[in-house]
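An overview of the molecular structure
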Amino acid sequence: MKTFDELFAELSERARTRPDGSGTVAALDAGVHAQGKKVLEEAGEVWLAAEHEDDEHLAEEVSQLLYRVQVLMIGRGLSLDDIYRYL
Ligand SMILES: N=c1c2ncn([C@@H]3O[C@H](COP(=O)(O)OP(=O)(O)OP(=O)(O)O)[C@@H](O)[C@H]3O)c2ncn1[C@@H]1O[C@H](COP(=O)(O)O)[C@@H](O)[C@H]1O
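Residues numbered from 1 in each chain as written. Predicted model: local features only at pLDDT ≥ 70, side-chain atom pairs only at ≥ 80, totals over all residues. Heavy atoms only, no water.

Defined as follows: UniProt positions are given in the numbering used here, feature names are shortened, and annotations may be inferred rather than shown by experiment.
As annotated in an unreviewed UniProt entry, the protein carries the name Phosphoribosyl-ATP pyrophosphatase and comes from Kibdelosporangium philippinense. Quoted straight from UniProt, the Pathway (unreviewed entry) entry for the protein says "Amino-acid biosynthesis; L-histidine biosynthesis; L-histidine from 5-phospho-alpha-D-ribose 1-diphosphate: step 2/9." For the protein, the Sequence similarities (unreviewed entry) comment in UniProt is given as "Belongs to the PRA-PH family."

Right under this line is the structure:
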């Protein structure tokens, strides 16, 4: 189990060290267009799960959306503070 900030730190480290076999490195290399499509895809799955699935399934979909948003943020070079100053 990890928090939003801990996942962001882990993904930032993946971006920095680029370990073999990392899905995050592949997602970053795919570029902002592919990253944005993933965000939209996961957002749609969250919406559908909220309407039709149980809490467990919904929570899993939300976790995937958060992951995809973090990949897009790191791809564009945004930090957590860049976001938090608007919350
Ligand atoms: N939290 C996640 C996470 N959430 C979602 N995903 C990716 O998103 C996929 C699920 O999304 P989809 O529904 O689009 O499934 P899919 O279409 O079969 O996936 P793709 O073929 O598009 O990859 C998963 O198979 C993962 O590839 C994640 N990949 C990694 N993490 C975490 O990120 C960290 C770094 O991971 P690596 O970079 O892979 O080492 C680790 O802590 C992981 O647990």
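From this point, the narrative continues.
Regarding the site of the ligand
We count it as follows: Throughout, the term near means that a residue has one or more heavy atoms lying within 4 Å of the molecule or strand in question. Pairs of N or O atoms are called polar contacts if they sit within 3.5 Å, as long as, within protein, a hydrogen donor faces a hydrogen acceptor (for residues adjacent in sequence, only side-chain-to-side-chain pairs). Note on areas: Shrake-Rupley, 1.4 Å probe, and residue coverage restricted to the protein chains presented here. Here a strand is any run of E in DSSP of at least two residues, a helix any run of H or I of at least four, and the numbering for each starts at the N terminus. Residues were grouped as follows: Ala, Val, Leu, Ile, Met, Phe, Trp, Tyr, Cys and Pro as nonpolar; Asp, Glu, Lys and Arg as charged; and all remaining residues, including Gly, as polar.
Taken together, 15 residues surround the ligand, and among them Lys2, Glu10, Ser22, Thr24 and Lys38 come closest. In this structure, an oxygen atom belonging to the ligand sits 3.2 Å away from a side-chain N or O atom of Glu42. For the ligand, the protein covers 53% of the area, taking 810 Å² as the surface of the free molecule. Of all the elements in the fold, those that place two or more residues in the shell around the ligand are helix H1 (4-17), helix H2 (23-29), helix H3 (31-52) and helix H4 (55-76). Classifying every residue of the shell around the ligand gives three nonpolar, four polar and eight charged.

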